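Residue-level structure breakdown
Now for the letters of each chain:
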Amino acid sequence: MTSKWLIFVAITTWLFMSNVAVMGRKVRSKDVVKTIKTEHSIYDCVDFYKQPALKDPRLKNHTFHPEMRPSARPNWVKSNDISDGISIMDMKFKGETCPRGTVPIRRLNADDERRQIELRRQSYAQLGQPRTDGWSASDIKFALGQSKSDSTKIYNGIASTLSIFNPHVERYQYSSGEIIIKSGSDAIITGWTVNQMLYKDNRTHFFIYTVSGDSHCMGVTCGFIPVRADIPLDFIFDHISTVEGTKYNYPFFVYQDALNGNWWLEIGDDNTILGFWPQNFFHGLYKSASYVACGGEVYGPQQSLVYMGSGYRPSSSEPEWSYCKDVKVVNEAQHVVLDTDLEPFMSNWRHYLAAVHDSGKQHYVLYGGPEGY
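Residues numbered from 1 in each chain as written. Predicted model: local features only at pLDDT ≥ 70, side-chain atom pairs only at ≥ 80, totals over all residues. Heavy atoms only, no water.

As annotated in an unreviewed UniProt entry, the protein carries the name Neprosin PEP catalytic domain-containing protein and is attributed to Saponaria officinalis.

Considerations on the state of the cysteines
Going by this rule: Criterion for a disulfide: a pair of cysteine sulfur atoms within 2.5 Å. Strands here are runs of E lasting at least two residues and helices are runs of H or I lasting at least four, both read from the DSSP assignment and numbered beginning at the N terminus. Throughout this description, buried means an accessible area under 20% of the type-specific maximum (1.4 Å probe, protein chains only), exposed means over 50%, and partly exposed covers the range between.
For the structure on display, the rule yields three disulfides. Covalent S-S linkage joins Cys-45 and Cys-98, the inter-sulfur distance amounting to 2.1 Å. Linking Cys-45 and Cys-98, the disulfide has an S-S dihedral of approximately -80° and is accordingly described as left-handed. Note that Cys-45 is positioned in strand 2 (residues 42–47) and Cys-98 in the loop between helix 3 (88–91) and strand 3 (102–106), a separation of 53 residues in sequence. What makes Cys-45 buried here is its relative accessible area of 0%. Residue classification places Cys-98 among the buried residues on the basis of a relative accessible area of 4%. Taken in N- to C-terminal order, the disulfide-linked cysteines of the protein are connected 1-2, 3-4, 5-6.

Description of empty space enclosed by the protein
The cut-off we apply is this: Using a grid of 1 Å spacing that covers the protein atoms alone, one calls a set of points a cavity when a 1.4 Å probe fits there but cannot get out, and a pocket when the set is open and has protein on both sides within 12 Å along at least five of seven lines; lining residues are those with an atom within 4 Å of a point. Grid points are joined across faces, edges and corners, and a volume is the space filled by probe spheres set on the points. When residue character is reported, Ala, Val, Leu, Ile, Met, Phe, Trp, Tyr, Cys and Pro are called nonpolar, Asp, Glu, Lys and Arg charged, and the others, Gly included, polar.
Counted according to the given criterion, the structure contains two cavities of 30 Å³ or more. In this structure, the largest cavity occupies an estimated 170 Å³ of space. Taken together, 16 residues make up the lining of the largest cavity; nearest its centre are Arg-106, Met-218, Gly-219, Val-220 and Asp-234. Elements with a contribution of two residues or more to the lining of the largest cavity: strand 3, helix 5 (196–199) and strand 8 (205–212). Here the second largest cavity defines a volume of roughly 40 Å³. The wall of the second largest cavity is formed by Trp-76, Ala-159, Pro-251, Phe-252, Phe-253, Glu-266, Ile-267, Gly-268 and Asn-271. Every element with two or more residues in the lining of the second largest cavity is listed here: strand 11 (249–256) and strand 12 (263–267). Among the residues forming the lining of the second largest cavity, the class breakdown is six nonpolar, two polar and one charged.

Written as structure tokens, this is what we have:
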């Protein structure tokens with residue numbers, strides 16, 4: 001490990017420890033009802049009312065319960081197209097599950113989570129700011145289809161079907177495909193990721209990252225309230241796309257409940273509800289969002305090149321790209337509509353490219369790099 005990396009870890013650790021809002025809410029051993037060991041993680045089944053996110057002072061007088069479901073779901077006339085995607089059975093624990101009335105909380109290594117949060121802090125703060133395509137030497141690179149800068153636009157949700165890949169990453173790298181919805185200093189990011197630092201493997205995991213002002217966290221440490229006892233929030237995707245073979249596509253949907261303002265998360269062809277972010281947890285996202293995006297993100301220290309998506313940049317008519325298919329948004333009228341007003345953004349266009357393809361019935365955000373596995 002280089003001296004530069006050690007200095008980076010020391011500085012980010014100090015910055016993180018100054019922000020007690022993130023890591024101050026831990027699962028106590030006496031609140032654990034059951035423990036489940038899977039092939040990749042250990043989960044504690046915790047009473048719904050004693051989960052970490054509900055210890056936040058902003059949620060002190062909540063009336064949440066484990067049987068909660070959306071009060072008002074946006075109007076969505078779905079097509080007859082079914083993705084080669086994920087069903088609820090793919091997401092569930094294999095074998096045993098958590099008891100009813102509890103939620104699975106993954107045991108986290110505090111140092112690993114701290115590093116993840118600090119890596120992302122500055123980059124996500126920049127999302128949604130007025131900008132043009134350019135080149136940045138940052139260790140985090142984006143290739144996205146993003147909403148154009150327009151102060152009059154309001155978004156109450158984002159949905160897209162993402163192709164799922166398994167790019168190889170080294171120990172201090174990660175590679176993700178994701179949807180993003182943001183307003184001010186708040187953001188919700190979800191999708192798939194390969195991340196050795198966080199998961200200690202090279203598998204493709206589902207992930208959630210939440211930003212609320214100075215509070216940043218992975219998974220359920222802050223903000224997100226799971227409502228399923230049988231689905232861990234960083235499950236492994238068993239079906240992976242290949243460049244020359246089948247493309248496995250999984251729908252992701254984040255939207256705001258029009259009646260109570262909570263932000264809900266659904267995934268899969270059967271619209272499985274995983275949980276929600278309470279309205280009171282946010283300031284910028286309290287009522288709506290001003291920015292949406294879908295695409296790829298990678299991290300590699302010291303200017304290392306990391307595979308993004310399929311590893312191929314969208315530069316030809318060949319079907320090897322990774323993509324977000326049919327990016328939709330929830331408009332002010334609470335209707336889910338195709339977003340035909342996206343523009344490409346690349347924070348490092350020398351290596352990672354994004355393209356918005358909108359022709360007839362085909363609507364894709366294409367992204368990737370640098371060149372194959």
